[in-house]
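One-letter residues, chain by chain:
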Amino acid sequence: TIEITPQTVTAAFDAIRTELTSPTGVVNTLSNLIDTGSFEDILQYTKESDAYFRKAKMGKARKLLTDKDVKSNATLICNAVTFDLIGINRASRPGKENREDQLRYLDELRKDIEKFLELESTIVFE
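### Focus on the overall build of the protein
Across its full length, the protein holds five helices and zero strands. Listed by position from the N terminus, the elements making up the protein come as α-α-α-α-α. Rg of the C-alpha trace for the protein: 15 Å, near the compact-globule value of 14 Å for 126 residues, within the 12% margin. Reported as C-alpha extents along the three principal axes, the dimensions of the protein are approximately 55 × 25 × 20 Å. Looking at the 126 residues of the protein, the share that counts as buried comes to 42%. Excluding contacts between residues fewer than 6 apart, the proportion of contacts in the protein whose partners are at least 24 apart in sequence is 70%. For the protein, the exposed surface amounts to about 7,100 Å²; the carbon and sulfur share of it is 51%. Of the charged side chains in the protein, 18 are positive and 21 negative; the average position of the first set lies 5 Å away from that of the second.

So, in structure tokens, the structure goes:
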């Protein structure tokens, strides 16, 4: 287990914040792929994002949450992020390409990540 210190919490949540705001983060990368209509790349990227972003980065931050109810809420948000990625993926499949759906799920993804980041302020240090 990771020790819950201001440093470990900041590092874990900053890793998620970067994915939300950085030009190379998950949100902007998906946005750019949608803009260029790279359906095959989107299919691949959404699969990878669930593992390296949602499972690894969000999972790590979730473990640092100190309140049981908040942790349970965080799990729901993480699941929502997976569904957002699945939605983008589904709207990128051959014969099912739908830019409107891609953008709708991308917006949901952005909102779910923001919701998750708000949980950082609930962490209590002993």
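Here the narrative resumes, following the displayed structure.
### Points about the packing of helix 2 (residues 26–36) against helix 3 (residues 39–63)
At a minimum axis separation of 10 Å, helix 2 and helix 3 run at an interaxial angle of 170°. One way to sum up the angle between helix 2 and helix 3 is to call them roughly antiparallel. The segment helix 2 lies against helix 3, with Val26, Thr29, Leu30, Leu33 and Ile34 engaging Asp41, Ile42, Tyr45, Thr46, Ser49, Tyr52 and Phe53. Grouping the constituent residues of the contact of helix 2 with helix 3 by class yields eight nonpolar, three polar and one charged.

### A closer look at helix 1 (residues 6–21)
The terminal C-alpha atoms of helix 1 lie 21 Å apart, and with 16 residues this matches the ideal 22 Å at 1.5 Å per residue to within 8%. All buried positions along helix 1 are accounted for by Val9, Ala12, Phe13, Ile16, Glu19 and Leu20. Contact partners of the buried residues in helix 1: helix 2, helix 3 and helix 5 (99–118).

### Quick look at the nonpolar core
One recurring pattern in soluble globular proteins is that nonpolar side chains are buried together. Of all hydrophobic cores here, the largest spans 31 residues; its most connected members are Phe13, Ile16, Leu30, Met58, Leu109, Ile113 and Phe116. Elements with a minimum of two residues in this core: helix 1, helix 2, helix 3, helix 4 (68–90) and helix 5. The element contributing the most residues to this core is helix 4, with seven residues. Once residues within four sequence positions are removed from consideration, phenylalanine 13 is found in contact with Ala61, Leu65, Phe116, Leu117, Glu120 and Ile123.

The rules behind these values
Residues numbered from 1 in each chain as written. Predicted model: local features only at pLDDT ≥ 70, side-chain atom pairs only at ≥ 80, totals over all residues. Heavy atoms only, no water. Helix = DSSP H or I, 4+ residues; strand = E, 2+ residues; numbered from the N terminus. Rg over C-alpha atoms; globule rule 2.2 N^0.38 Å. Buried < 20%, exposed > 50% of the residue type's maximum accessible area, 1.4 Å probe, protein only. Contact = heavy atoms within 4.5 Å. Areas by Shrake-Rupley, 256 points an atom, 1.4 Å probe, with all protein chains shown as cover. Lys, Arg positive; Asp, Glu negative; His and termini not counted. Charge placed at Lys NZ, Arg CZ, Asp CG, Glu CD. Axes fitted to C-alpha atoms, helices over the stretch in contact; angles between N-to-C directions. Parallel < 35°, antiparallel > 145°, perpendicular 65-115°, else oblique. Nonpolar A, V, L, I, M, F, W, Y, C, P; charged D, E, K, R; others polar. Expected span 1.5 Å × (residues − 1). Core = buried A, V, L, I, M, F, W, Y, C linked by side-chain atoms within 4.5 Å.

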